[in-house]
Amino acid sequence: MDDESVVRQQLSARIEARRANISRFLLHARPRRNRLANLSIVGSAIAAVMTAGPALGGQSFTASVQSSLGIEDSSTVWRVLCLAAMLLSVAAAVATNLSNSRDLNGRVTAAETCNAELEGLETLLEFGQLPLPEAVKLYQQYVAKVPFVDEVAVRG
């Protein structure tokens, strides 16, 4: 085996290892992103519904909730609805800010893009359709987009 073949194999192994790390990252990041987005959307919507009832229905809404729940004081209905709406609003705001502060959407998108680019590079390299220096340069460009994904050392 000549030197270029050895280097091609080493680069292929490095690409494979990096793609495995990206896949591991995505395995955890996608569900977290989705949970935070869902919490934000659902929490905001339920908070809006909890405040819409009394706002649109007025005292008749409060009286019907009071009688159906067997609550003696109508102000308790307002307090419970307002407290629940406030807690859901806070949870939605925290979820939104956690997602934005860690840029989960951007990171997931960058990792997915890098994974696809590396897959294409791996195919070109495997079939000898790309000169080795260009392949190395492309590899470096692609992985530079995902510095938040750890690289595992490849033995070769």
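Residues numbered from 1 in each chain as written. Predicted model: local features only at pLDDT ≥ 70, side-chain atom pairs only at ≥ 80, totals over all residues. Heavy atoms only, no water.

1. A closer look at the overall build of the protein
Now for step 1: Helix and strand counts for the protein come out as four helices and zero strands.
Now for step 2: Taken from the N to the C terminus, the helices and strands of the protein come in the order α-α-α-α.
Now for step 3: Compactness check: the protein gives a C-alpha radius of gyration of 27 Å against a globular reference of 15 Å for 156 residues, more than 25% above the reference.
Now for step 4: Its C-alpha atoms give the protein principal-axis dimensions of about 90 × 25 × 20 Å.
Now for step 5: Looking at the protein as a whole, 29% of its 156 residues qualify as buried.
Now for step 6: The contacts in the protein between residues at least 6 apart in sequence include a share of 81% that link residues at least 24 apart. (Helix = DSSP H or I, 4+ residues; strand = E, 2+ residues; numbered from the N terminus. Rg over C-alpha atoms; globule rule 2.2 N^0.38 Å. Buried < 20%, exposed > 50% of the residue type's maximum accessible area, 1.4 Å probe, protein only. Contact = heavy atoms within 4.5 Å.)

2. Regarding unusual backbone geometry
Now for step 1: Positive phi, close to 45 degrees, is recorded for D103, a residue that is not glycine.
Now for step 2: Residue position: D103 is located in the loop between α2 (74-101) and α3 (104-126).
Now for step 3: On the basis of relative accessibility, which here comes to 43%, the residue D103 falls in the partly exposed class.

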